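# Structural characterization, general
So the chains spell out like this:
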There are 2 protein chains.
Amino acid sequence: MKPFILGIFQYIGPNGTIGSAWQHPDDTSADFLKISHWTTLAQKFEAAKLDFLFLADSYGFPALNGELIDAALAEGRGIPHGDPMPIVSAMAAVTSNLGFILTTSTTVEPPAANARRFATLDHFTDGRIGWNIVTGSSGATAAALMGKDLISHDLRYDMADEYVDVNLALWEGSWSDDALVLDKQAGLYAEPDKVRMVHYEGEHFRTDGVLSVPPSPQRTPLLVQAGASGRGRRFAGRHAEAVFLAGGDPAVVAANVASIRQSAVAEGRSPDSIKLLVGALFITAETHDEAREKYDEMLSMSTNEGAAAIYAGNTGIDLLALDPDRPLDQTSTEMGQSNLERYLSKDGTPAPLVRDILENFRTTGINGSVFVGSPEEVADQAEAFIATTGADGFLIQPHMTPGTYDDFIDLILPILRERGLAPTEYSGNTLRQRLFGAGAHLPDEHHGAGFRA
Amino acid sequence: MKPFILGIFQYIGPNGTIGSAWQHPDDTSADFLKISHWTTLAQKFEAAKLDFLFLADSYGFPALNGELIDAALAEGRGIPHGDPMPIVSAMAAVTSNLGFILTTSTTVEPPAANARRFATLDHFTDGRIGWNIVTGSSGATAAALMGKDLISHDLRYDMADEYVDVNLALWEGSWSDDALVLDKQAGLYAEPDKVRMVHYEGEHFRTDGVLSVPPSPQRTPLLVQAGASGRGRRFAGRHAEAVFLAGGDPAVVAANVASIRQSAVAEGRSPDSIKLLVGALFITAETHDEAREKYDEMLSMSTNEGAAAIYAGNTGIDLLALDPDRPLDQTSTEMGQSNLERYLSKDGTPAPLVRDILENFRTTGINGSVFVGSPEEVADQAEAFIATTGADGFLIQPHMTPGTYDDFIDLILPILRERGLAPTEYSGNTLRQRLFGAGAHLPDEHHGAGFRA
């Protein structure tokens, strides 16, 4: 088995992915609006040789029928959250290997603005930036905040295809590799005939212009995606180099892994051209019993009200207002707008009851498998999970900040290293090189290479 | 005379505001895509107790008729330029007093996205952020890059009024001052009844949502503006707390200063509620003759072709293709889209010749008065300029980076301090407090205060 790819999940807000951990005396997540909170975390992750820090994001907020949900504010769930974009350079300045994967939406900013921002960040980070492409899955509340109409699920992906292509055209097509000269004596900054205008005219987006930033180490940031719907998989097959998958039943995850690799093949790419990373929460301690106590303590900070508030903000559905003993009727919901589809019935399986959805969501959150036990037990579980699913690694979810990470780094990582399942040193200069062991730029088989001059 | 307010002009690109200084052996501006370039500069400005670093920005680029201009690329003029947003946190992390004024446009991103970004930055900088509000003055090339139609000058300002109001409503109206509780023992993050939805419905922008970030030190960043057209002054009178003015003839600047103060009064604000800061390039050395040599060296790096390229990118006018001995016909141009109006005829004055416009632009750039001489001479000129114009200070333009700043800090600043014209220590915790000596929040007389709950 190859070493796992290991990334860290965070967002600019208090708490991890389950419950209201900020209230714990040892938790520092409520410091999320201080720069030093982030630079300290980044240095910790780099010292542990972890591959990247992922900053999730959404403009959505917990509201129902136009009213904020009291429990969300009281518990700090779903609100507050800040903008992840501004914090990257402070973390990049105090690290030299850790990657940063930043989320932006294809429904908010013009594509050329996104292209210039990521190109600038790829320079500032010396090629350590990735772009998590979201298509507006936070749905109705985010659209209302932005003053836009909600766009249907499949149309959002059609638009996102074009949005990504505008970015690729600017990153790959504007400057030849040898355009930048920087000859002080000759007074020649760039070769004019090696920089060119990009013209793109789609149904939803157009551009006539140039990337105003010279080529960055990766040119195109590592392209990352998280949707798991059928249309989302097609999008991933075309664009993504890494996909974040929700955890849960290993058989379901294995099917998703295989399906996404197949979607890459359908686009003329190799099956291992997409790294599959599964959301996972690791709760460990010196002994099994202590780990179980930590797990129980975590659940004691996760309420039905807080979980329901987040669920409502993502879907528009108030689970607390429904009969807990009836199945959730998918057709009556906005579920198609959300990343919570996995809580609904799959083909041929019975629809889950409202009470089970809520309990599942309260105890596992949006993204993760939960592994609980002694360090050896958890390492065993993780190894078995990767063996079963064929995934490439984990997106490590936090409960306590920084406690959950400290436990992973101090207790689990040494065992994974002993087994050859985690690297002991950084390799590769850019995030793309680190993950694939190949070049810094998009591989030629990626359709983005077609935008090169 | 009060101490001057002193800010620094920069953008994420090579060169200062005149010529191609990057080619000089001592110039470091071509390092603009390295974080350390910016953190070193920020620490220098903070050590000198300067008030703020302003990061200009534009999505425009030097093109004519859809083609990039060769001279711009060869000389590094107008292109390249990167995104200023991502660099602020790295500089904020290594400073504790320097302010940062960041440019965003009211025609690019949704207003609620801008509001969240600046609120996050106001936290990260501990209240040291300002927002330079531009309305898309870079015109046709930026619009084409963004895939948008060019909007007429006055309509852009009408839209910008609404855009700023959406931001103000979110910053001032979402959270009461005492909404945030952060009581770990009680498990209470915020008082739900002290956070509220904001509803704004204008002709051009709407929002139904909440600022997802708790109140930052300033809530509303310091509001800054630069347009000097009649409609621009009305906009400044309504919103701006600082206005950047182009330098030049002191009598013209004095009239602009008086007119902008009057525009504040017309909006029910006090005449000194707007700080007027004039673009100025200071070229100095130990002796008068050495300073003249530096000035001549600067002009030797500024070509007609480079100046014309920038002018074309801003206006769509190719000065090199026109008869140099004829006046520029304003009606045939896109000049209304640009900040170069001051090069055109004023009421009752003869229209300038094309050759004079180009020479003026080549030697003084977009923004500045140019003061040349020994340190005492330049200090005298600066003092006289402020006395004549009634402005509050200067926006210091660079020629050489960091040479022009080093000269100002080492040679001119000590003389200004002796005369009581520059502070020796920082005062006030936030950028707004530093500039006005009053509170951290918008004053009650500002219309933005009306958005408070």
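Residues numbered from 1 in each chain as written. Chains lettered and ligands numbered in written order. Predicted model: local features only at pLDDT ≥ 70, side-chain atom pairs only at ≥ 80, totals over all residues. Heavy atoms only, no water.

### Observations regarding the overall build of chain A
- Check the secondary structure of chain A and you find 14 helices and 15 strands.
- For 453 residues, the compact-globule estimate of 2.2 N^0.38 gives 22 Å, and chain A sits close to it at 22 Å.
- Seen through its principal axes, chain A has C-alpha atoms that stretch 70 × 50 × 40 Å.
- Considering only contacts in chain A between residues 6 or more positions apart, those separated by 24 or more positions represent 76%.
- When the accessible surface of chain A is split by element, carbon and sulfur atoms take 49% of a total near 15400 Å².
- A distance of 5 Å separates the average location of the 34 positive side-chain charges in chain A from that of its 60 negative side-chain charges. (Helix = DSSP H or I, 4+ residues; strand = E, 2+ residues; numbered from the N terminus. Rg over C-alpha atoms; globule rule 2.2 N^0.38 Å. Contact = heavy atoms within 4.5 Å. Areas by Shrake-Rupley, 256 points an atom, 1.4 Å probe, with all protein chains shown as cover. Lys, Arg positive; Asp, Glu negative; His and termini not counted. Charge placed at Lys NZ, Arg CZ, Asp CG, Glu CD.)

### Re the interface of chain A and chain B
- With 78 residues of chain A at the interface, the matching set in chain B holds 78 residues.
- Taking both sides of the interface into account, the surface hidden between chain A and chain B amounts to around 6400 Å²; carbon and sulfur atoms contribute 65%.
- Applying the counting rule to chain A against chain B returns 10 salt bridges.
- Looking at the side of chain A that touches chain B, the elements that each hand over two or more residues are α1 (35–47), α2 (70–75), α3 (88–93), α4 (111–124), α5 (140–146), β7 (180–183), β8 (188–190) and β10 (206–209) of chain A.
- The dominant element in the side of chain A that touches chain B, judged by the number of residues it contributes, is α4(A), at 8 residues.
- Considered class by class, the residues forming the side of chain A that touches chain B number 46 nonpolar, 16 polar and 16 charged. (Buried area = accessible area lost by both parts, 1.4 Å probe. Salt bridge = Lys/Arg side-chain N within 4 Å of Asp/Glu carboxyl O. Nonpolar A, V, L, I, M, F, W, Y, C, P; charged D, E, K, R; others polar.)

### Considering the pairing of strand β11 (residues 222–225) of chain B
Residue and element names in this part refer to chain B.
- Neither face of β11 is exposed, since Leu 222 and Val 224 on one face and Leu 223 and Gln 225 on the opposite face are all buried.
- Pairing of strand β6 (residues 129–134) with β11 involves 4 bridges; the strand directions are parallel. The partner of Trp 131 across the bridge, within β11, is Leu 223.
- Of the strand pairs in this sheet, β11 and strand β12 (residues 242–245) are connected by 2 bridges, and their pairing is parallel. By the bridge assignment, Gln 225 is partnered in β12 with Val 243.
- Between the parallel elements β11 and β12, the chain passes through helix α7 (residues 230–239) in a crossover that is right-handed. (Buried < 20%, exposed > 50% of the residue type's maximum accessible area, 1.4 Å probe, protein only. Pairing = 2+ DSSP bridges. Right-handed = clockwise from strand over helix to strand, strands pointing away.)

### Topic: the nonpolar core
- In this structure, A:Phe282, A:Phe394, B:Phe282 and B:Phe394 are the most contacted members of the largest nonpolar core, which totals 216 residues.
- Not counting chain neighbours up to four residues away, the residues in contact with B:Phe282 comprise B:Phe371, B:Val378, B:Ala382, B:Phe394, B:Ile396, B:Thr404, B:Phe408 and B:Ile412. (Core = buried A, V, L, I, M, F, W, Y, C linked by side-chain atoms within 4.5 Å.)

### Observations regarding the packing of aromatic side chains
- Throughout the structure, instances matching the rule amount to 36 aromatic pairs over all chains.
- Ring geometry for A:Phe371 and A:Phe385: centres 5.6 Å apart, planes at 80 degrees, overall edge-to-face. With A:Phe371 in strand β14 (residues 369–373) and A:Phe385 in helix α12 (residues 375–389), the pair connects residues that are 14 residues apart, well separated along the chain. The two residues A:Phe371 and A:Phe385 agree in class, both being buried.
- Ring geometry for B:Phe282 versus B:Phe394: centroids 5.4 Å apart, planes at 90 degrees, classification edge-to-face. You can see B:Phe282 sitting in strand β13 (residues 275–284) and its partner B:Phe394 sitting in strand β15 (residues 393–397), a full 112 residues away along the chain. (Phe/Tyr/Trp six-rings, centres within 6.5 Å; stacked < 30°, edge-to-face > 60°.)

### Things to note about the pattern of salt bridges
- In this structure the tally under the stated criterion is 49 salt bridges over all chains.
- We note a salt bridge from B:Arg452 to B:Glu172, for which the minimum N-O separation is 2.8 Å. Residue B:Arg452 is located in the segment after α14 (431–436), and its partner B:Glu172 is located in helix α6 (residues 153–173); the two are separated by 280 residues in the primary sequence.
- On the basis of relative accessibility, which here comes to 29%, the residue B:Arg452 falls in the partly exposed class.
- For B:Glu172, a relative accessible area of 3% gives the class buried.
- In this structure, B:Arg261 and B:Asp392 form a salt bridge, with 3.0 Å as the shortest nitrogen-oxygen distance. With B:Arg261 in helix α8 (residues 250–266) and B:Asp392 in the loop between α12 (375–389) and β15, the pair connects residues that are 131 residues apart, well separated along the chain.
- Among the residues examined, B:Asp392 registers a relative accessible area of 10% and is labelled buried.
- Taken together, the salt bridges that share partners define one network made up of A:Asp57, A:Asp83, A:Glu109, A:Arg116, A:Arg117, B:Asp57, B:Asp83, B:Glu109, B:Arg116 and B:Arg117.

### Side note on the environment of A:Thr106
Residue and element names in this part refer to chain A.
- When you line up the elements, Thr 106 lands in the loop between β5 (99–105) and α4.
- Taking relative accessible area as the criterion, Thr 106 reaches 2% and is therefore assigned buried.
- As a C-alpha pair, Thr 106 and Ala 264 span 158 residues in sequence and 21 Å in three-dimensional space.
- Here Thr 106 is in contact with Ile 133, Val 134, Thr 135, Ala 160, Tyr 163 and Phe 205, once residues within four sequence places are set aside.

### Overview of the environment of A:Gln23
- The residue A:Gln23 is located in the loop between β1 (5–11) and α1 in this model.
- For A:Gln23 and A:Gly316, which are 293 residues apart along the polypeptide, the C-alpha to C-alpha distance reads 27 Å.
- With near-sequence residues (within four places) excluded, A:Gln23 lies in contact with A:Met301, B:Lys184 and B:Gly187.
- Reaching out from A:Gln23, the side chain makes a polar contact with the backbone oxygen of A:Ser20 at a distance of 3.0 Å. (Polar contact = N/O pair within 3.5 Å; in protein donor to acceptor, adjacent residues only side chain to side chain.)

### Remarks on the pairing of β15(B)
Residues and elements named next belong to chain B.
- With 5 of 5 residues buried, β15 lies mostly within the body of the structure.
- In this sheet, β15 lies alongside strand β1 (residues 5–11) in parallel orientation, the contact comprising 4 bridges. Looking at β15, one finds that Ile 8 is bridged to Ile 396.
- Here β13 runs beside β15; their pairing, made up of 5 bridges, is parallel. Each bridged residue has a counterpart across the sheet, and for Ala 280 the counterpart in β15 is Ile 396.

### Considering the confidence of the model for chain A
Residue and element names in this part refer to chain A.
- Mean pLDDT over chain A stands at 93; residues scoring 70 or higher make up 94%.
- The model gives residues 331–339 a pLDDT under 50, and that stretch makes 28 contacts with residues more than four places away or in other chains.
- Confidence estimates for the predicted assembly give a pTM of 0.96 and an ipTM of 0.96. (pLDDT = per-residue confidence, 0-100.)

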